[in-house]
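Residue-level listing of the chains:
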Amino acid sequence: MINLKEKQIHQQERSNSLPEWYKSFLHQRLTAHRDLGLPSPKDENWRSLPIRDLLDHNYIIPETDTDLEIEDIKEFVQNKKKNTGNDAINVVIVNGKLSQELSDDVSSIEGLEILNLSETLVKFPEKLKSIFDHSVESTHTYAALNDAKHTDLTFIHLEKNRSLPRPIHCMYLSSGDSTDIHMHNTKTLIYASKCSSCFISESYYSLNKTLAYSNVTTDIHLESSASIHHVKIQDESNESFHLYTSRVYQQRDSIFKSCNLTFGGKFTRNDIFSYLDDENITCTLDGVYILDHQQVCANYTSLDHAKPNCYSFEVYKGILDDSSTGLFNGKIYVHQDAQKTDAKQSNQAILLSENAKIHTKPQLEIYADDVKCTHGCTVGKMDKDPLFYLQARGLSKKDAKNLLIYAFAAEVLENIDNDHVRKNVEERLYHKLNNKN
Amino acid sequence: MIEIKNLKAKIEDKEILKGINLTIKPGEVHAIMGPNGSGKSTLAQVLAGREDYEITSGEIIFQGENLIELEPEERAWRGLFMAFQYPVEIPGVGNAYFLRAALNSKRKYLGLPEMDAMEFMTYIKKKMEALELSPSMLSRSVNEGFSGGEKKRNEIFQMAVLEPTLGVLDETDSGLDIDALKIVSEGVNRLKDPSRSFLIVTHYQRILNYVTPDYVHILMDGRIVKSAGKELALELEEHGYSLIEKELAANV
């Protein structure tokens, strides 16, 4: 336990040790957050979402680390590690803070560095600054708040020409507090240098069932010819508010492939912004969200085609039961300069209950004349014909339904190249379906 | 085996089956023939348990049990199989997985141990070869991208795997060329057994050249209007349904 006086000194020291440019970034982002204010139902960026719940709770941002006993979460972490495979590099982040003790030691892995804030400021200040410079524009109020209020960060650096044979698994654990509602501002930055490549997954879990806010940003920078396969799994408790912003900046010939999966959370909002800032870039943004009870999940994606000859692919699939609410907002912006852009977007949702709701909004803004852009959206109940066919062959109604839901999601899930992760996700999906009907 | 008594069924407000009576004994092959819209396919679907149809009266007694209140899967477990007129394409669901799941559900009901993937492959190998189905179709999605003939052969293959006591074939011959028709018919003949019966629903007589029925029934406007031996099918082939219509008109 740290007493209050020590806490203040701790704060003071931290602030003193930060470079000026960093302090000015924090300041500028706080101003941005204040200017944007909290969301209102009239706000275009929040409309159609039941945000009252989100706004009704007053949260506090803990100034120092929550007092968690490592021993208590060790077992939790060990259990989760079992799912990631023997070759995995496990990175554990607790309430926004990188835990060296719980994470695997990466010092022997050539070309990979996983650092906290102070280490990053010493080792990669320019690269950190470069990510910040490219990530500021496209953002909303909670991302600005995260930018301003994070107390630590996790910086994952891949050196050039390094193709990482082992997958990286980031495990984010958050805990609620019994007296106050805590907001954890978790910040991760992934920097892939020229011609590097890796598989990286991010999983979010709750350590307890107490209401907490996870306000997360994961910013990803791909230098030319870099390649990242990214999977994000939101599996927090159904008491949690989860606000996730990912700002992806891509340079020439880079490939970013991402799969965004939502199982848990009371209210989840994912914002993914991709900026394709040179030629011959490929960006794939896929996602599956499976909701029940009163769960809310909103996926906002934005693909910025700034230069010619780039490709983007996007498939989002929603499975909604009970009184859950889903939202998909897919923006594709093709700049005047971005000729020969090839962009495909599709959003599909199955509503399993009369009370489930889905809002879907494709937004295409195209300022170039020689492009291929397609988008499609289907929303429907479960198709009766296949269900009857499976039942007529002897599958129980429940099994038949689950199999069809699984098949619906499979188009996205089968693109996850890591067997361990894919199998886990499939099991999680079955588990959620089976606990249902 | 199965006894259908005064079966009436409607969809929305339209009555389609207007009192069907039919008894099939073990080992028998029955054919139901009728013009378009007579209710043939409805009968097959109602037997299999499609919930779009509302049964307004009657009973379907299958091995001593009334099927009407049972779910489609419960009927399948008890040994009823319907080969679909239009087999459904199910993207994302693998053929092998699906069929093994179907077989194991039935085995579970019968109190038999589940078949693992290896046993299953051995079990189905010969059955596939007999229907000239390529093993590669097992890893494809159910019926997805199959030709019309492949879909129908797949239906008969599934029937061979699930070994039902009553096989209902809903216009299995439609859309088949002569070679495919022969393969399918041979598939059915191979399954003939003193304890297994078939109900062949068809518009045309030609499948009956290969699978010989013991009885032929003519269905018109939701009722069986004539029943006889296999010669009735040939009669129909020659004179068409209009002759039967005339006969009926004369009797009124």
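By convention here, each chain's residues receive numbers from 1 onward along its written sequence. All chains are assigned letters beginning at A, and all ligands numbers beginning at 1, according to the order in which they are written. The predicted nature of this model means local features are confined to residues of pLDDT at least 70 and side-chain atom pairs, given and counted, to a pLDDT of 80 or more, with totals for whole chains, interfaces and linings taken over all residues. Side-chain descriptors were evaluated using all non-hydrogen atoms of the structure, hydrogens and water having been removed beforehand.

Things to note about the interface of chain B and chain A
This is how it is decided: Pairs of residues are marked as contacts when any of their non-hydrogen atoms sit within 4.5 Å. The term buried area denotes the loss of accessible surface (1.4 Å probe radius) that occurs when two parts are joined, taken as the sum for both partners. Whenever Lys or Arg places a side-chain nitrogen within 4 Å of a carboxyl oxygen from Asp or Glu, that contact is recorded as a salt bridge. Here a polar contact is taken to be a pair of N or O atoms separated by no more than 3.5 Å, where protein atoms must pair a possible hydrogen donor with a possible acceptor and residues adjacent in sequence count only if both atoms sit in side chains. Starting at the N terminus, helices and strands are each numbered in turn, a helix being any DSSP run of H or I of at least four residues and a strand any DSSP run of E of at least two.
At the interface, 31 residues of chain B touch 17 residues of chain A. Where chain B abuts chain A, roughly 2000 Å² becomes buried across the two surfaces, and 64% of that area is made up of carbon and sulfur atoms. Inspection of the region where chain B meets chain A yields four salt bridges. On the surface where chain B and chain A come into contact, there are 13 residue pairs in polar contact (both at pLDDT 80 or more). Residue assignment for the side of chain B that touches chain A shows that the elements contributing at least two residues are helix H1 (40-48), helix H2 (72-77), strand S6 (80-83), strand S7 (90-94), helix H3 (95-109) and helix H5 (148-162) of chain B. Tallying contributions element by element places H3(B) first for the side of chain B that touches chain A, with five residues.

Here we look at the sheet that holds strand S5 (residues 65-66) of chain B
Residue and element names in this part refer to chain B. The cut-off we apply is this: At least two DSSP bridges between two strands are needed for those strands to be called paired. Every angle, taken between N-to-C directions, lies between 0 and 180 degrees, and every axis is a line fitted to C-alpha atoms, over only the stretch in contact when it is a helix.
Spatial ordering of the open sheet is given by S2-S1-S4-S5, a layout of four strands whose pairing is antiparallel. Looking at which strands have only one partner, the edges of the open sheet turn out to be strand S2 (14-24) and S5. Of the pairings in the sheet, the one linking strand S1 (residues 2-11) to S2 comprises eight bridges and is antiparallel in character. For Ile 4, the partnering residue across the bridge sits in S2 and is Leu 22. Contacting S1, S2 and strand S4 (54-62), H1 runs over the sheet at an angle of about 110° to S1.

Some thoughts on the side chain of A:His157
All names here are of chain A. Put simply, the rule reads: Exposure is judged per residue with a 1.4 Å probe applied to protein chains only, and the accessible area is read against the type maximum: over 50% gives exposed, under 20% gives buried, and values in between give partly exposed.
Note on placement: His 157 falls in strand S5 (residues 154-158). Since its relative accessible area comes to 5%, His 157 is described here as buried. At a separation of 2.8 Å, a polar atom in the side chain of His 157 contacts the side chain of Lys 127. Within the local environment of His 157, its side chain forms a polar contact with the side chain of Ser 193, the two groups lying 3.4 Å apart. Residue contacts for His 157: discarding those within four places in its chain leaves Gly 111, Leu 112, Glu 113, Phe 124, Lys 127, Tyr 191 and Ser 193.

Re the pairing of strand S11 (residues 215-220) of chain B
Residues and elements named next belong to chain B. The element S11 is extensively covered by neighbouring structure, given that five of its six residues are classed as buried. Relative to S11, strand S3 (residues 29-33) runs parallel, the two being bridged by four bridges. When the sheet's bridge partners are listed, Ala 31 is paired in S11 with Val 216. With five bridges joining them, S11 and strand S12 (residues 223-228) adopt antiparallel strand pairing. Counted as the bridge partner of Met 220 is Arg 223 from S12. From the end of S11 to the start of S12, which pair antiparallel, there are two residues, and Asp 221 there has a positive phi angle of about 50°.

As for the pairing of strand S9 (residues 166-170) of chain B
All names here are of chain B. Condition: By convention, orient the strands away from the viewer: a clockwise path from the first strand over the helix to the second makes the crossover right-handed.
In terms of burial, S9 is a largely internal element, five of the five residues being buried. Bridge count for S6 against S9 is four bridges, and the pairing is parallel. Within the sheet, the bridge partner assigned to Met 82 lies in S9 and is Val 168. Both S9 and strand S10 (residues 197-202) contribute to a ladder of five bridges, which runs parallel. Across the sheet, residue Leu 169 finds its bridge partner in S10, namely Ile 200. Note on the crossover from S9 through helix H6 (residues 178-191) to S10: the handedness is right-handed.

What to know about the domain arrangement of chain A
Residues and elements named next belong to chain A. Test applied: Start and end points for every domain follow an automatic or database-based domain assignment. Classes in brief: Ala, Val, Leu, Ile, Met, Phe, Trp, Tyr, Cys and Pro nonpolar; Asp, Glu, Lys and Arg charged; the others, Gly included, polar.
Each assigned domain of chain A is listed with its residue range as follows: domain 1 (20-278) and domain 2 (385-437). The distance between the C-alpha centroids of domain 1 and domain 2 comes to 29 Å. Across the contact, 14 residues belong to domain 1 and 13 residues belong to domain 2. In this assembly, domain 1 packs against domain 2 so that about 1100 Å² is buried in total across both faces, 64% of it on carbon and sulfur atoms. Inspection of the region where domain 1 meets domain 2 yields six residue pairs in polar contact (both at pLDDT 80 or more). Only strand S10 (227-234) and strand S12 (255-262) provide two or more residues apiece to the side of domain 1 that touches domain 2. Per-class residue counts for the side of domain 1 that touches domain 2 are seven nonpolar, five polar and two charged.

What to know about a negative patch on the surface
Note the following rule: By definition, no residue in a patch forms a salt bridge, and every one has over 30% relative accessible area; like charges are joined within 9 Å, nonpolar side chains (Val, Leu, Ile, Met, Phe, Trp, Tyr) within 5 Å. Using a 1.4 Å probe, the Shrake-Rupley method yields the accessible areas, and only the shown protein chains count as cover for residues. Counted as positive: Lys and Arg. Counted as negative: Asp and Glu. His and the chain ends are not counted at all. Positions of charges follow a simple convention, taking NZ of Lys, CZ of Arg, CG of Asp or CD of Glu.
Together, B:Glu132, B:Asp177, B:Asp179 and B:Glu186 make up a negatively charged patch on the protein surface. Counting through the fold element by element, B:Asp179 comes out in helix H6.

Let's talk about the nonpolar core
Rule in force here: Take the buried residues of types Ala, Val, Leu, Ile, Met, Phe, Trp, Tyr and Cys, join any two whose side-chain atoms come within 4.5 Å, and each joined set is a nonpolar core.
Of all hydrophobic cores here, the largest spans 113 residues; its most connected members are A:Leu261, A:Leu413, B:Ile4, B:Leu7, B:Ile60 and B:Phe157. In this structure, this core is formed jointly by two domains, domain 1 (20-278) and domain 2 (385-437) of chain A, each of which donates at least three residues. The next biggest cluster of nonpolar side chains, apart from the first, holds 49 residues, and it includes A:Ile168, A:Leu222, A:Tyr316 and A:Ala349.

With respect to the pattern of salt bridges
Residues and elements named next belong to chain A. Here the structure, examined in full by the defined rule, presents 42 salt bridges over all chains. Note that Glu 20 is salt-bridged to Lys 23, the shortest N-O span being 3.6 Å. Highlighted residues: Glu 20 and Lys 23, both in helix H2 (residues 20-36), separated by three residues, approximately one helical turn. Judged by its relative accessible area of 59%, Glu 20 falls in the exposed class. Among the residues examined, Lys 23 registers a relative accessible area of 26% and is labelled partly exposed.

Points about the packing of helix H7 (residues 231-239) of chain B against helix H8 (residues 241-251) of chain B
Angle between the axes and distance between the axes: these two values describe a pair of packed helices. All names here are of chain B. How we decide: Roughly parallel covers angles under 35 degrees, roughly antiparallel covers those over 145, roughly perpendicular covers 65 to 115, and oblique covers all other angles.
Their axes nearest at 6 Å, the elements H7 and H8 cross at an angle of 100°. In terms of orientation, H7 and H8 fall into the roughly perpendicular class. For the pair H7 and H8, contact is made by Glu 235, Leu 236 and His 239 and by Tyr 241, Ser 242, Leu 243, Ile 244 and Glu 247, respectively. For the contact of H7 with H8, the residue count by class is four nonpolar, two polar and two charged.

Focus: the state of the cysteines
Note: disulfide means a covalent bond formed between the sulfur atoms of two cysteine side chains. All names here are of chain A. Spelled out, the test is: Pairs of cysteine sulfur atoms within 2.5 Å are what we label disulfides.
A complete count under the given rule lists zero disulfides over all chains for this structure. Its sulfur unpaired, Cys 170 is 9.4 Å from the next cysteine sulfur, which belongs to Cys 198. Relative accessible area serves as the criterion here: at 2%, Cys 170 is assigned to the buried category. We note that Cys 373 lacks a disulfide partner, and the nearest cysteine sulfur, in Cys 310, lies 12 Å from it.

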